[in-house]
Amino acid sequence: MNRRRVLTALAGLGLTGASALALTDRLPGLDGSDSALPLRVETIDARGSTAGQVRVPAPDMPTVVDLFATWCAPCKEQMDALSTVHGEYGDRVAFVSVTNERIGGTLSRADVREWWRTHDGAWTVGLDPESDLMSALGASGLPFLAVADASGEIRWTHAGVASTATLRREVERALESGSASGTSRS
């Protein structure tokens with residue numbers, strides 16, 4: 001084997017190992033814990049939301065977390081199920097939708113507010129331009145949903161659009177589980 005191939009192979013192994021170590025320090029579930037959560041997320045003033053910060057998941061209350069983007073067509077579709085389930089459980093369950101889009105340039109807070117209004121958002125909406133929440137949840141695409149129980153444990157995650165019935169079922173499970181342990185993800 002020539003020297004260049006050996007060095008390339010060793011470098012590749014080193015990068016792979018370093019990447020694996022970095023991931024296990026940042027992503028939940030790989031070591032059996034959700035250690036990156038809870039996180040604080042900046043919120044904006046919009047219908048159902050006030051400017052400031054919010055803890056995700058919410059303390060002492062089941063939480064539905066929706067990761068979205070204003071450019072994402074399936075995210076618009078997901079808003080129908082979220083609006084319906086929020087109308088049914090909004091007083092017993094915290095809802096937070098978070099975009100990882102960066103404000104500035106072509107996107108403003110007013111743009112996010114307008115998207116939110118147009119798609120019937122009526123709960124907390126936040127900004128996570130560094131994708132910390134997306135990383136903590138292990139989300140690799142949008143839309144992405146997570147449901148946490150009242151103890152803050154992520155009980156369910158879903159990539160893509162989830163139906164109203166599925167979201168309702170997972171919210172019910174979170175309400176029933178209280179602080180019971182165990183996570184199911186799909």
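Report on the accompanying structure.

Rules used in this analysis
Residues numbered from 1 in each chain as written. Predicted model: local features only at pLDDT ≥ 70, side-chain atom pairs only at ≥ 80, totals over all residues. Heavy atoms only, no water. Disulfide = S-S within 2.5 Å. Buried < 20%, exposed > 50% of the residue type's maximum accessible area, 1.4 Å probe, protein only. Salt bridge = Lys/Arg side-chain N within 4 Å of Asp/Glu carboxyl O. Helix = DSSP H or I, 4+ residues; strand = E, 2+ residues; numbered from the N terminus. Polar contact = N/O pair within 3.5 Å; in protein donor to acceptor, adjacent residues only side chain to side chain. Contact = heavy atoms within 4.5 Å. Expected span 1.5 Å × (residues − 1). Pairing = 2+ DSSP bridges. Right-handed = clockwise from strand over helix to strand, strands pointing away.

In this section: the state of the cysteines. Per the stated rule, a full pass over the model turns up one disulfide. Across the disulfide from cysteine 72 sits cysteine 75; the S-S distance is 2.4 Å. Disulfide cysteine 72 to cysteine 75: torsion about the S-S bond roughly 80 degrees, handedness right-handed. Residue cysteine 72 is classed as buried on the basis of its relative accessible area, which comes to 3%. For cysteine 75, a relative accessible area of 2% corresponds to the buried category.

This structure, assessed with the given rule, holds nine salt bridges. One salt bridge connects arginine 155 with glutamate 153, and the closest N-O pair in it is separated by 3.6 Å. Arginine 169 is the partner of glutamate 170 in a salt bridge, and the nearest nitrogen-oxygen pair spans 3.2 Å. Residue glutamate 170 is classed as buried on the basis of its relative accessible area, which comes to 4%. Under the relative-accessibility criterion, arginine 169 is labelled partly exposed at 38%. Through salt bridges with shared partners, a single network forms among Asp149, Glu153 and Arg155.

Looking at the secondary structure, you find glutamine 78 in helix α2 (residues 73-89). In this structure glutamine 78 comes out as buried when scored by relative accessible area, which is 0%. A polar contact is formed between the side chain of glutamine 78 and the backbone nitrogen of alanine 162, at a distance of 2.7 Å. With near-sequence residues (within four places) excluded, glutamine 78 lies in contact with Asp66, Pro143, Leu145, Gly160, Val161 and Ala162.

Turning to α2, a few remarks are in order. With 17 residues, α2 should cover 24 Å at 1.5 Å per step; its first-to-last C-alpha distance of 25 Å lies within 8% of that length. Within α2 the residues assigned to the buried category are Cys75, Gln78, Met79, Ala81, Leu82, Val85, His86 and Tyr89. Where the residues of α2 are buried, they touch β3 (63-68), β4 (94-99), α3 (109-118), β6 (144-148) and α5 (164-177).

Let's shift gears to the pairing of strand β5 (residues 124-127). Successive side chains on a regular strand alternate, one facing one side of the sheet and the next facing the other. Pairing of strand β1 (residues 39-43) with β5, which is carried by two bridges, proceeds in the antiparallel orientation. Paired with glutamate 42 across the bridge in β5 is leucine 127. Following the chain from β4 across α3 to the adjacent parallel β5, one finds a crossover that is right-handed.

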